[in-house]
Amino acid sequence: MDNITTIFREKKLKLTPQRIAVYKYLKSTTEHPSAEIIYKALQDEYPTMSLATVYKALKTLVEVGLVQEINVGEGNFRYDGNCSPHPHIQCVNCSKVNDLHTLDLSNLNQDAEKHCDYKILSNKVYFYGICKDCQ
Ligand SMILES: [Zn+2]
Ligand SMILES: [Zn+2]
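Cut-offs used in this document
Residues numbered from 1 in each chain as written. Chains lettered and ligands numbered in written order. Predicted model: local features only at pLDDT ≥ 70, side-chain atom pairs only at ≥ 80, totals over all residues. UniProt positions renumbered as here; feature names shortened; annotations may be inferred. Pairing = 2+ DSSP bridges. Helix = DSSP H or I, 4+ residues; strand = E, 2+ residues; numbered from the N terminus. Axes fitted to C-alpha atoms, helices over the stretch in contact; angles between N-to-C directions. Parallel < 35°, antiparallel > 145°, perpendicular 65-115°, else oblique. Contact = placed C-beta atoms within 7 Å. Nonpolar A, V, L, I, M, F, W, Y, C, P; charged D, E, K, R; others polar.

Looking up the chain in an unreviewed UniProt entry gives the name Fur family transcriptional regulator, peroxide stress response regulator, with the organism given as Clostridium cavendishii DSM 21758. Reading the Sequence similarities (unreviewed entry) entry of the UniProt record for the chain gives the comment "Belongs to the Fur family."

In structure tokens form, the structure reads like this:
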């Protein structure tokens, strides 16, 4: 919580209860929920919060670097409260997204630089497969 308070104060952004709720929810899960799932999950506690508000809160949280937006394709955005770079894997059957924390891709940027004349700044790695439940 300290993190979000400090960052919002630095950026002179209003720390609304809705923004805190969205952030807290993302910090509490590793499920990489979509905006719709976050909206539904928070409806009991915040019955007046609209889906548009959730989208706006997510946009702000992504902009200030507290939340990571994951585009797993098909125009389907998922959100991750873990902002450190890590590869993701999505099940092509049930669409769930998992982290691949133990796969070390720390040399990927350097390796890729050997194949082009860019100075590479970042990468996003997604794997696709069939999860254990769907196999
Ligand atoms: Zn699955
Ligand atoms: Zn993740």
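S.K.: Is there a simple way to think about the sheet that holds strand β5 (residues 126-129) in this case?
M.R.: The pairing of strands in a sheet comes from backbone hydrogen bonds and takes either a parallel or an antiparallel form. On the basis of which strands lie adjacent, the open sheet formed by three strands has the order β4-β3-β5 and mixed pairing. Strands at the two margins of the open sheet, each flanked by one partner only, are β4 (97-99) and β5. The sheet shows a mean angle of 25° between the axes of neighbouring strands, taken without regard to direction. Note that strand β3 (residues 88-91) and β4 share three bridges and pair antiparallel.

S.K.: For this particular structure, what's the right way to read the packing of helix α2 (residues 17-27) against helix α4 (residues 51-63)?
M.R.: In a pair of packed helices, the angle between the axes and the distance between the axes together describe the arrangement. Here α2 crosses α4 at 70°, and the two axes come no closer than 9 Å. Between α2 and α4, the angle falls in the class roughly perpendicular. Across the interface between the two elements, Gln 18, Arg 19, Val 22 and Tyr 23 from α2 touch Thr 53, Val 54, Ala 57, Leu 58, Thr 60 and Leu 61 from α4. Among the residues making up the contact of α2 with α4, the classes are represented as six nonpolar, three polar and one charged.

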